[in-house]
Every structure is written in structure tokens, then in C-alpha cells.
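Structure assessment
Residues per chain, in single letters:
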Amino acid sequence: MSIEKDNPKSPLILGQIAARLHEIFDGHIDLSDVENKNESERNQYFLTRAYLALFFLDEVGLSASEAAAAITDGGADDGIDAIHIDKKNSRVYFGQSKWRSNMDKGVELTDFVRFRDGVKNVLSLTWTNENACLHRFKADLEQQLLNIDTDVYMVLAHTSGRAIADNIQPKIDQFVKEENEYNPEFVSFHQFRVPEAAKIARSHTRPENISFNIMLANWGLLSGPYRAAYGSVAALDVVNWFEEHGNKLFAENLRYGIEKSEVNDGIMGTAHSDPEVFWYYNNGITAICESVDKLPLGGPDTSSGVFDVKKISVINGAQTITSLARAKQSGANLAAARVHLRIISLNDTPEDFSGKVTSANNTQNDLNPVDFVAADPNQDRIRREALQNGLFYTFRRGDKEPERSHGFTVRSATVAAACASGDLRLAVSAKRYISGLWESTKKEPYTKLFNDNTSAIFLWRAVQIMNVVDDVLLEEGAKLTSREKLTSVHGNRFILFYVFESLGREKLNSEQAITELEAQARDLTILTLAAVNEIIAERYPEAYPGNIFKNQERQSELLKLLPQD
């Protein structure tokens, strides 16, 4: 049923979108809760739900059935009409949908306030009868919110042609500001409006037909056995591709969803601090296309050339592109940054070539910062010292990880040593970006943790204390609910840091029995968790705990409020 039949005065574009929503989502949207409504009312429910599902179809790359499964709209949804948990990208989507045939009617304040309060309840892990429709997501939501890298994407899907009213926008801004006090990237608010919906509805199938001209510096051409072009492209051009086309740029990529990771943080770090050497530090981008042709502009001079690329899809380098986009958003100056680009034409290639080249480009072994750590002679010395004491210490990728009671790894040693360093900055890095502690084996912070004086026994005892703290936090966290439980996970490295400070780092090199230290660590962990939760409840009652433990300044404040020996 098209919307024109229900409201002849409705703009034509809404009728067109409605017709496409039925094409895509008929048979997928659950209407069992409104089966007793009349046909017109059922269609209104369908369009409201399918309109929001269309957003997920495009933004997240879900199938029609997957997008429909995100819909929570019902009598007890607490203002939240859809939830999707993107585990790969550590993102939680909350959606509210308002399909109205009158595009002159704006979004109402009560709509946003209910949506805002519903999101706040979920973030505080408050589960009631008011949000019973959301309970099927409870376990996955709680698990995802325990991940300190998780961010929240709130989307209001509506058909109003008017801007958000002056009495609503300040409330949106205030809510985002409050939630982002300790982490500016935690919550973001977005609108999904008719122009975006129309664009998606016109081209909802994939792969995308994306074509554009690309300027390459120091370019070259391969004529056989298959045609390809290569050279360096401006990082800003790459970001522009992503800003215009989003994830559709990666239609053929095996890793369509782009993961948050330490590697991505490293890419962003280089873009911020050393953009002029980005090309040297980065593996670059590989794309396939229907055709790639050099335009006459610039002639045969290989220092610069413009290439016409038809139906391009990035098959390797999605992390590079999205990380550059994030770097730009966070203020990085990318004017001097360049990226190596390979463009492979599929014209005249075998039928299975596209799949093979995509697979091959995504299964190569990349170097990891920990691989450079393996070259430090101190690592092998620590391994030999550990072995002399009947322990196994592994520091190379591919080594079999020892059982916890028989040894430890360079990762666990790094985290424990950072938290036992007396430097809160290192403890924060151990939680958020451990690779940053391995960036250079010739200078701090690495040399502060691993140097000629670092003994295997010191590291082993630190790891043992860490294991006790982690075990206690797991046990105590299971007894807690709501925000207090989140502290036991997000605050684990902060609490470990405080335990080491309270025990006295010098005891890790002392003759004191480890069993005595472990017993003290257990008691300290229980007391510290309770104290931290009490401080958070009093000082930061509205803050999401995960954000507090991303912020070194807030952790410094917490540290000062805890008992000092």
C-alpha cells in the first residue's frame, strides 16, 4: 500500500519511498503486535519500522532481514524503536523513527525526550517493564558496553522537512555534552531524513556503482597479464571518497565492517603526528574496478596523472581509509599525507579473478608492533631467566601461550609492568592502546618497562598480582548490577594501578612470599572497587563508567580521592 492512498496530499517522494520500502522489507518487518489494527494503521506501523530499517541497510550494510531484526518498536520500548550492536566496530546503534505523511510537521520535543531517557536507561543498565521490548538485547548490550572502545550512535529517523526545533536542539546538545564529558567520541546524535532515504531507496542493491577520477603522483601502469595502475594519492582525496560514499566504498571487501583496533589507533597517531611520512609507514590501499584509464591531462609525465576509474571497490585498506577519516574529524592536518594506491582492472580477467585477488589481499600476514619487540635482546634474556626459574615466557607471535600457572606472555607482562610503574599514564595506555607501549624499543615508554634491569621474577610477580586482581574483579562484578558492574570491567587497570601503589612496587623485588602479596591484593581489590563505585556515584552520577576510565584526568582525580598510605 502506498502512502498516497492514505493521504492524497502527501508529497510524491514519500509515496515513492514507501513503495520501495515495501519492495525491500515486505515479509521481513514484524507486524504481529498490530495484526488486529486496520489496514491503514498496519501500513503506518510498517512504514515507521521499515524507514528505520532502511537506515541500517545502508549505514551498517545489513541485509533486509537483519535490518528488520533490529526493530524494537512496541508498547514497551522506552522510546527506542531499534537497536543494533555492531561488535566488529564496537558500536551500539539506538534508533527512533517518526514516519508522518505531513512533511511540514516537525519533530516533537516529547519524542526526543523519551528517546533520550530510554537510551540513558540502557546505558545505566536499568532494565524495567518500561523497556521490556529491549530485554532480548540485554545480554549482548551489557557485554558490548563492557568494552571500553564502544561508542553509541543515536539516530532519529523522521520524514519532516523542517529543521530540529529550537526547543529540541539544545536538549540534544546538552545530552551529548554530558555523555561525552570524559570521552568526546562516546555518543553522537544523527538525523536520517527524506533526502538520505530517497538516495538509498534508489540504489539499495550492492555492489555500488562508484566511479570517479583519481589524481596519482609518481604513477605507473601495468599492461599485463592484467591491467593495473599505481601511485600515491592525497590522503584528503581518500577521506573525501569515504565521506561521500561511506562503507559502500568497501562493497567487495571481505572486512566490510571496519574494526576499531590498536592498528587503527596507530594509523590515526601517524596521521596526527607525522603526516608527511604517512606513505612510508602505511601499507596502502588496493582496489578493484571495472576499468582504469589514464586521461590525456598531463601527458606522459609520470610525476602526476589523472585516471578515470569505473566501478571501484576497495578490497584492502579500509582500516587506513576510515582511520584517516577519523583523524581528520579529530583535527589532524592531512594536507601533507599521501597514501600508496593500487587499482586493478577486472577487464579481461578470468571469471574467478576478483574473488581470488580479494582473498589474497586480505590473508597476508601484517607486521604488528609486538613483532619489533621480539628483536629486543632483553626479551630473550627475560625468557632465559624465566626458564631458569621453571617458567615459560613467550614474546613472539605464534608462540604457544603458556598456562597461567606455568608462565606468562609479553602482553601480560607489559600490562602488569605498566600498572606497576607508578606512572598512571602508562596504566591508561595499557588499557586503551597497548601497542603504543611497544612503538619503539629504543625509548620510553618501552624502555621504562623493559630494560637491562628488568628481571623475569619481577614481571612474573607483577603478573601474578594482576591475575589475582582480575579474578577478584570478575567475582565481585558478577555480584553487582548496573553501573557498578561496569566499573569492575572498565576500571580494572586503574584498580590494578592503585593496588600496586598500595602494596608498594618494591615488594615485587622483595623476598616476601607471593602468597602474602596475593592475599593483600585480594583484600585491596574488594575495598578499592567499593570505594571507586562510591566516588563515581557521588562525583560523577551521570557519567558512563567506561568514559571515566578512558580519561587520564578523571582517573587522576579518582586517585586523589582514594585513601593514600
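What comes next is a walk through the structure. (Residues numbered from 1 in each chain as written. Predicted model: local features only at pLDDT ≥ 70, side-chain atom pairs only at ≥ 80, totals over all residues. Heavy atoms only, no water.)

Overview of the pairing of strand E1 (residues 82-86)
Burial of E1 is extensive: five of the five residues sit out of reach of the surface. Alternating residues of E1 divide into Ala82, His84 and Asp86 and Ile83 and Ile85, and every residue in both groups is buried. In this structure, E1 lies alongside strand E2 (residues 91-98), joined through five bridges in antiparallel fashion. Directly across from Ala82, in E2, lies its bridge partner Gly95. Hairpin connection between E1 and E2: a loop of four residues separates the two successive antiparallel strands, and Ser90 in this loop has a positive phi of roughly 50°. (Buried < 20%, exposed > 50% of the residue type's maximum accessible area, 1.4 Å probe, protein only. Helix = DSSP H or I, 4+ residues; strand = E, 2+ residues; numbered from the N terminus. Pairing = 2+ DSSP bridges.)

A short note on a nonpolar patch on the surface
There is a patch of nonpolar side chains on the surface, built from Trp279, Tyr280 and Tyr281 and spanning about 420 Å² of accessible area. Secondary-structure assignment places Trp279 in helix H11 (residues 278-281). On the basis of relative accessible area, Trp279 is assigned to the partly exposed category, the value being 38%. (Patch = residues over 30% accessible without salt bridge, like charges linked within 9 Å, V, L, I, M, F, W, Y side chains within 5 Å. Areas by Shrake-Rupley, 256 points an atom, 1.4 Å probe, with all protein chains shown as cover. Salt bridge = Lys/Arg side-chain N within 4 Å of Asp/Glu carboxyl O.)

Some words on the sheet that holds E2
Taken together, four strands build an open sheet; the order of strands is E1-E2-E3-E4 and the sheet is mixed. Because the sheet does not close on itself, it has two edges, and the strands there are E1 and strand E4 (187-192). Put simply, the sheet's adjacent strands are angled 20° from each other on average, direction ignored. Two strands pair when backbone bridges link them, and strand E3 (residues 151-158) and E4 are joined in this way by six bridges, in the parallel orientation. Counted as the bridge partner of Met154 is Phe189 from E4. The sheet contacts of helix H5 (residues 109-123) involve E2, E3 and E4, and relative to E2 the element is tilted by about 155°. (Axes fitted to C-alpha atoms, helices over the stretch in contact; angles between N-to-C directions. Contact = heavy atoms within 4.5 Å.)

Notes on the environment of Ser223
Following the sequence through the fold, Ser223 ends up in the loop between strand E5 (212-222) and strand E6 (228-234). Between the alpha carbons of Ser223 and Ile13 there is a distance of 47 Å; along the sequence they are 210 residues apart.

Regarding helix H15 (residues 377-388)
For H15, spanning 12 residues, the distance from its first C-alpha to its last is 17 Å, which sits close to the expected 16 Å at 1.5 Å a residue. Within H15, the full set of buried residues consists of Asn378, Gln379, Arg381, Ile382 and Ala386. Seen along its axis, H15 keeps its buried residues to an arc of 160°; they face one direction. Opposite the buried face of H15, by more than 90 degrees, sit the exposed residues Pro377 and Gln388. Elements that come into contact with the buried residues of H15 comprise helix H14 (369-373), strand E12 (392-394), helix H16 (410-419), helix H18 (446-449) and helix H19 (456-479). (Expected span 1.5 Å × (residues − 1). Arc of directions from axis to C-beta.)

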